[in-house]
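# Analysis of the macromolecular model
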Amino acid sequence: MSDIKLGIVGLGRLGRTHAMNIANHIPGATLTAACSIAEEELEFARVELGVEETYLTYEEMVDSPNVDAVCIVSPSGFHTEQIRLAIEKGLHVFSEKPLGLEIEDIEKTVEIINAHPEQVFQIGFMRRFDESYQYAKEMVDNGELGELTLIRCYGIDPSSGLESFVKFAGASNSGGLFADMSIHDIDLVRWFSGKEVKRVWALGKNAAYPELDEVNELETGAAMMQLEDKTIAMLVAGRNAAHGYHVETELIGTKGMLRIAAIPEKNLVSVFNEHGVVRPTSQHFPERFKEAFINEMKEFITCINEKRQPGVSAFDGLQGTKVATALQKSIDTNEIVDIPS
Ligand code: NAI
């Protein structure tokens, strides 16, 4: 079987990781093309990764006969348009989350994706491909926790990134704390429970940088959500974790409970020194989800070869953004928000 030829758009913070993974760690895939508006990033792709075709515009890349599939890692505002163009050109599509920023635009895009079932579409909810999350999911599906009653999720970025976030918050639209930080947690809630979110109530507070109030951004937020079967979900989202990158999930059921990464450990090392017993923590998402990013891309290539769609769908992307939008509305209006089914 010949390799699947992939073109990547976006070689920034995450695009670089995906590009290196495709070039070095994904059997059956070749990174044949790369697109970015930054010439130095294209130089990196050519020199470091041996990518033969580099483009300054996406439209040119998807016209290349040497591209079977695209990996979209551009800023979120470009996703829907780039997905639609790739689908129209007959390509398979892996797109980073979020699927898009506006619900109507996402709905239109999902329709086009669904009208082409022979082309594989996958969205970048990589936590579903993390070993610990898969282990927990199997337990839930086997009924080992009984019926779920509550799901609690923490997603907090390290304090080290907060100052630069404050600096650029006015200039670039993050979509708000919940769209930016909680979209993976929202997906986990839907994935573990198999249920949709019906009602949300969100709160937020800025303490370290009160100037974030002026740009309608949040340092720390929390939300209470009710699912369609009355299961409760609680989210904490933030940008100010002093100890590193804190992603933690708790599931409580009628027969037991479990926690994933209650302490966001970097590895199995404990340091015994003048500070006591110290457990080093993971510091950023590429470190914590290194294997998950590789596993999700392997699944994308396997789906293309086996002519099937992955378990994580465009619909999951749409539903995640619907919930994130409701959470932002709750912050803006200071009210409980219902999500129509
Ligand atoms: P970034 O700003 O670091 O990189 C953006 C890249 O897109 C740059 O290479 C830039 O040159 C390129 N670009 C910008 N406009 C373009 C255009 N018109 N045509 C072609 N290329 C263009 O962004 P980052 O942090 O890498 O995020 C990219 C996407 O990945 C976002 O949608 C973000 O939500 C998602 N993401 C997902 C994560 C996850 O946990 N799955 C983690 C971080 C980001």
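### A closer look at the domain arrangement of the protein chain
- Domain boundaries assigned for the protein chain yield domain 1 (4-119) and domain 2 (128-290 + 320-338).
- Across the contact, 10 residues belong to domain 1 and eight residues belong to domain 2.
- Both sides of the domain 1 and domain 2 interface together cover about 720 Å² of buried area, and 69% of this is carbon and sulfur.
- Considering only the surface of domain 1 that becomes buried against domain 2, R13, K97 and I103 emerge as the three largest contributors, covering 53% of it.
- Put simply, domain 1 and domain 2 have zero salt bridges between them.
- Taken together, the links from domain 1 to domain 2 amount to zero residue pairs in polar contact (both at pLDDT 80 or more).
- Top contributing element to the side of domain 1 that touches domain 2 by residue count: helix α5 (residues 103-114), with three residues.
- The residue makeup of the side of domain 1 that touches domain 2, split by class, is five nonpolar, two polar and three charged.

### Thoughts on the site of the ligand
- L11, R13, L14, E41 and S76 are the nearest of the 26 residues found near the ligand.
- Within the backbone of G12, one N or O atom sits 3.2 Å away from an oxygen atom of the ligand.
- Interatomic distance of 2.9 Å between a backbone N/O atom of R13 and an oxygen atom of the ligand.
- Tallied by class, residues from the shell around the ligand come to 13 nonpolar, nine polar and four charged.

### With respect to the side chain of R84
- Within the secondary structure, R84 sits in helix α4 (residues 79-88).
- Among the polar contacts made by the side chain of R84, one reaches the side chain of T109 at a distance of 2.9 Å.

### Points about the sheet that holds strand β6 (residues 121-123)
- Across the sheet, six strands lie side by side as β3-β2-β1-β4-β5-β6; this open sheet has parallel pairing. Bordering the open sheet on either side are β3 (53-55) and β6, each of which pairs with just one other strand. Between one strand axis and the next, the sheet turns by 20° as a mean value, whatever way the strands run.
- Across four bridges, strand β4 (residues 69-72) lies against strand β5 (residues 92-95) in parallel orientation. Following the sheet pairing, V70 is matched in β5 by V93.

Rules of the game
Residues numbered from 1 in each chain as written. Predicted model: local features only at pLDDT ≥ 70, side-chain atom pairs only at ≥ 80, totals over all residues. Heavy atoms only, no water. Domains from an automatic or database assignment. Contact = heavy atoms within 4.5 Å. Buried area = accessible area lost by both parts, 1.4 Å probe. Salt bridge = Lys/Arg side-chain N within 4 Å of Asp/Glu carboxyl O. Polar contact = N/O pair within 3.5 Å; in protein donor to acceptor, adjacent residues only side chain to side chain. Helix = DSSP H or I, 4+ residues; strand = E, 2+ residues; numbered from the N terminus. Nonpolar A, V, L, I, M, F, W, Y, C, P; charged D, E, K, R; others polar. Near = heavy atom within 4 Å. Pairing = 2+ DSSP bridges. Axes fitted to C-alpha atoms, helices over the stretch in contact; angles between N-to-C directions.

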